[in-house]
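Observations on the three-dimensional arrangement
Each chain is listed here by its residues.
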Amino acid sequence: MEKAMNDFLDSLICRQTFDTQDLINDHPPKFYNGNKQLVYDICCPPGCNHHGQLAFSRWYAMVLPEYLSSLEHQTDISERKGYFEYEPSEDSTQMEWYLNFAHYELFFAYGSSLFAQDEMQVAEHPALSSLREALLDSKIKSLTVESQQPTPILIRGVERRCAISTDPNSEQGRPFGLYGNNFGRATSDAIEQATKPLNPPTITNIIAMEAPAGGRGYYSMAQIEYILQTAFTGFSAARIESQLELPQAPSLMIHTGFWGCGAYGGNRVLMALLQLLSARLSQVNCLVFHTSDAMGSQDLATAQQILDRDLVPDDSPVKVSDLVEKIHAMEFQWGFSDGN
């Protein structure tokens, strides 16, 4: 185990720890949208205290294992029909992580009117905006992709200071919800009604990684392998960070969803399938997949069926390169951007 840990740590690019209060004081966020400023003012009023430390780490792409064997590890797959709620775990031996559907420039649009998954997460975890400013000031690279290679970023221990309702609600002034461009069009009254401060704040751990964007036609073998390697690296890094936090072999739970399937136009079944496979390869104990609706449930079920029936039907070890070839032969096609 020690040798394996050292091998994985060779993939570490950098790690930096920040005191959250100092981070907020020394690197205040820069907002270019009044609604974003309003959310921040609600969850971080003048004089409020910020607690704990925030651990930032960035990772080189890790080499995929040669074989997958179901006998070595099974990942429990759990479906949640809603979106991320960041419920604190009551199990002290469990480390939970949540995906950030990142841009290659970490949190680059946090201060804009945009409100997709990335920006929602930063709005609810305001120290992330100060983290971006601190990284820019310190010249530490904040890239989740560099030289066309994935370099996922992990952030451990960030406070979640508010919950923002994004569902359509005409009575509260958001008839079309707040997702995407609707956030910037909303009135200040609608933003105030949608934003609930959390006191005390909860703590979240985040995996930020960018999916490929804007492809057309069938996925190539190289694209499939790239997606698999990105997710494997992010999930494996979360396992390492969890072991550093809880040396007594913590149980690793990762929350995800249809990563790269909104503005980036990814194929929902394929992106779910590759995350399910990555979770097994990186020995995640539980992958919680947030499907959001009935169609999402169906897409996840299809992905799980392909993995269990067509790719890994028994306990025999199978070469990962063969799995990639089989997935490529299924001729998954790119979808379309949702415009947000």
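Residues numbered from 1 in each chain as written. Predicted model: local features only at pLDDT ≥ 70, side-chain atom pairs only at ≥ 80, totals over all residues. Heavy atoms only, no water.

- As annotated in an unreviewed UniProt entry, the protein carries the name PARG catalytic Macro domain-containing protein and comes from Tychonema bourrellyi FEM_GT703.

**Here's the deal with the overall build of the protein**
- Counting its regular elements, the protein contains eleven helices and twelve strands.
- With respect to the principal axes defined by its C-alpha atoms, the protein has extents near 60 × 45 × 40 Å.
- For the protein, with 340 residues in total, the buried portion stands at 54%.
- Considering only intrachain contacts with a sequence separation of at least 6, the fraction spanning at least 24 residues in the protein is 85%.
- Looking at charge distribution, the protein has the averaged site of its 23 positive side-chain charges lying 3 Å from that of its 42 negative ones. (Helix = DSSP H or I, 4+ residues; strand = E, 2+ residues; numbered from the N terminus. Buried < 20%, exposed > 50% of the residue type's maximum accessible area, 1.4 Å probe, protein only. Contact = heavy atoms within 4.5 Å. Lys, Arg positive; Asp, Glu negative; His and termini not counted. Charge placed at Lys NZ, Arg CZ, Asp CG, Glu CD.)

**Brief notes about the packing of helix α8 (residues 221–245) against helix α9 (residues 268–281)**
- Contact geometry for α8 and α9: axes closest at 9 Å, N-to-C directions at 45°. Here α8 is positioned oblique relative to α9, judged by the angle of their axes. Here α8 runs over α9; the crossing is right-handed. Within the contact between the two elements, α8 uses Ile-224, Ile-227, Leu-228, Ala-231, Phe-232 and Phe-235 and α9 uses Leu-270, Met-271, Leu-274, Gln-275, Leu-277, Ser-278, Ala-279 and Leu-281.
- Residues that form the contact of α8 with α9 fall into these classes: twelve nonpolar, two polar and no charged. (Axes fitted to C-alpha atoms, helices over the stretch in contact; angles between N-to-C directions. Parallel < 35°, antiparallel > 145°, perpendicular 65-115°, else oblique. Left-handed = near helix turned anticlockwise from the far one by under 90°. Nonpolar A, V, L, I, M, F, W, Y, C, P; charged D, E, K, R; others polar.)

**Quick look at the nonpolar core**
- Ile-207, Phe-235, Ile-254 and Ile-327 are the most contacted members of the largest nonpolar core, which has 53 residues in total.
- In terms of residue count, the dominant contributor to this core is α9 (ten residues).
- Those residues in contact with Ile-327, other than ones at most four positions away along the chain, are Ile-224, Leu-270, Leu-273, Leu-274, Leu-277, Leu-311 and Phe-332.
- Cys-43, Cys-48, Leu-106 and Ala-190 belong to the second largest nonpolar core, which has 38 residues in total. (Core = buried A, V, L, I, M, F, W, Y, C linked by side-chain atoms within 4.5 Å.)

**Focus: the state of the cysteines**
- Summed over the entire model, instances satisfying the criterion amount to zero disulfides.
- A disulfide-free cysteine, Cys-43 has its sulfur positioned 3.9 Å from the sulfur of Cys-44, the nearest such atom.
- For Cys-43, a relative accessible area of 3% puts it in the buried group. (Disulfide = S-S within 2.5 Å.)

**Quick notes on the side chain of Thr-75**
- Tracing the backbone through its elements, the reader meets Thr-75 in the loop between β3 (67–68) and β4 (76–80).
- In terms of polar contacts, Thr-75 uses its side chain to reach the backbone carbonyl oxygen of Val-284, at 2.8 Å.
- What Thr-75 contacts, discounting residues up to four positions off in sequence, is Ala-279, Arg-280, Val-284, Asn-285, Cys-286 and Leu-287. (Polar contact = N/O pair within 3.5 Å; in protein donor to acceptor, adjacent residues only side chain to side chain.)

**Describing the pattern of salt bridges**
- Enumeration according to the criterion identifies 15 salt bridges in this entry.
- Glu-159 is paired through a salt bridge with Arg-161; the nearest N and O atoms lie 3.0 Å apart. No difference in accessibility class separates Glu-159 from Arg-161, as the two residues are buried.
- A salt bridge links Arg-309 to Asp-310; its shortest N-O distance comes to 2.9 Å.
- Owing to a relative accessible area of 48%, Arg-309 belongs among the partly exposed residues under this scheme.
- With relative accessibility at 31%, the residue Asp-310 sits in the partly exposed group.
- Taken together, the salt bridges that share partners define one network made up of Arg-15, Arg-156 and Glu-241. (Salt bridge = Lys/Arg side-chain N within 4 Å of Asp/Glu carboxyl O.)

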